[in-house]
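Coordinate inspection notes
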Amino acid sequence: MMDEASYNQLVATAFKRIMTAADALDPDELEAESTGDMVTLTTPAREKCIINTQRAVRQIWVAGRSQGIHFSYDAASGSWLDDKGKGLELFRFVADVVRDISGQELAYPG
């Protein structure tokens, strides 16, 4: 298991990337809020995508599309991948949830 400092840095980078993409959208279409261990993306209809740390197991958890998915960092690919082997990637999954709940497209920087 990765050490806490590495996990914290990876989470901070992931959360910053998600917030930057969300902040580029019209706030009347998608509101983005970051509070420590959680990022909440909310539509005007109050539908949400919640991204949260799972520190004990060094994962990121995403709630959206009526499901919760845990993502683990895969050092070999440099990606956050779902822990059930379904082939889901964190940033693509969040973008898909945002599109489903708001009709908006997240465009991630770099």
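Residues numbered from 1 in each chain as written. Predicted model: local features only at pLDDT ≥ 70, side-chain atom pairs only at ≥ 80, totals over all residues. Heavy atoms only, no water.

Before going further, it helps to examine the pattern of salt bridges. This model, assessed by the stated rule, comprises five salt bridges. For R55, the salt bridge goes to D37, with nearest N and O atoms at 2.8 Å. Pair noted here: R55 is in the loop between β3 (48-54) and β4 (59-64) and D37 is in the loop between β1 (31-35) and β2 (38-42), with a separation of 18 residues, a long-range link. Since its relative accessible area comes to 31%, R55 is described here as partly exposed. On the accessibility criterion, D37 (32% relative accessible area) is partly exposed. Among the charged side chains, a network of salt bridges with common partners joins R92, D96, R99 and E105. (Salt bridge = Lys/Arg side-chain N within 4 Å of Asp/Glu carboxyl O. Helix = DSSP H or I, 4+ residues; strand = E, 2+ residues; numbered from the N terminus. Buried < 20%, exposed > 50% of the residue type's maximum accessible area, 1.4 Å probe, protein only.)

Quick look at the nonpolar core now. A general tendency of soluble globular proteins is for nonpolar side chains to be buried together. L41, I51, V94 and L106 are the most contacted members of the largest nonpolar core, which totals 29 residues. In this structure, I51 is in contact with F15, I18, D37, M38, V39, L41, I60, W61, V62 and V94, ignoring residues within four places of it in sequence. (Core = buried A, V, L, I, M, F, W, Y, C linked by side-chain atoms within 4.5 Å. Contact = heavy atoms within 4.5 Å.)

A few words now on the pairing of β3. Strand residues, when the strand is regular, have side chains that alternate between the two faces of the sheet. The pairing of β2 with β3 spans five bridges and is antiparallel. Bridge pairing in β3 links L41 to C49. Between the antiparallel neighbours β2 and β3 lie five residues, among them R46 with a positive phi of about 75°. The pairing of β3 with β4 spans five bridges and is classified as antiparallel. (Pairing = 2+ DSSP bridges.)

Let us look at unusual backbone geometry. With a phi close to 55°, R58 is a non-glycine residue in the positive phi region. Its location among the elements puts R58 in the loop between β3 and β4. In the Ramachandran plot, S66 falls in the positive-phi region, its phi being about 60° despite a non-glycine side chain. Relative to the assigned elements, S66 resides in the loop between β4 and β5 (67-74).

So, about the environment of T40. Looking at the secondary structure, you find T40 in strand β2. For T40, a relative accessible area of 13% gives the class buried. Through-space distance from the C-alpha of T40 to that of N52 is 8.5 Å; in sequence the pair is twelve residues apart. Once you skip the residues sitting within four places of it in the chain, T40 turns out to touch E31, A32, E33, K48, C49 and I50.

Moving on to the sheet that holds β3. Ordered by their spatial adjacency, six strands build an open sheet running β1-β2-β3-β4-β5-β6, and the pairing between neighbours is antiparallel. The outermost strands of the open sheet, each flanked by one partner alone, are β1 and β6 (79-82). Direction aside, the axes of adjacent strands within the sheet are offset by 20° on average. Of the strands in this sheet, β1, β2, β3, β4, β5 and β6 are in contact with helix α1 (residues 4-23), which crosses β3 at around 165°. (Axes fitted to C-alpha atoms, helices over the stretch in contact; angles between N-to-C directions.)

Any functional reading would require information beyond the geometric quantities listed.
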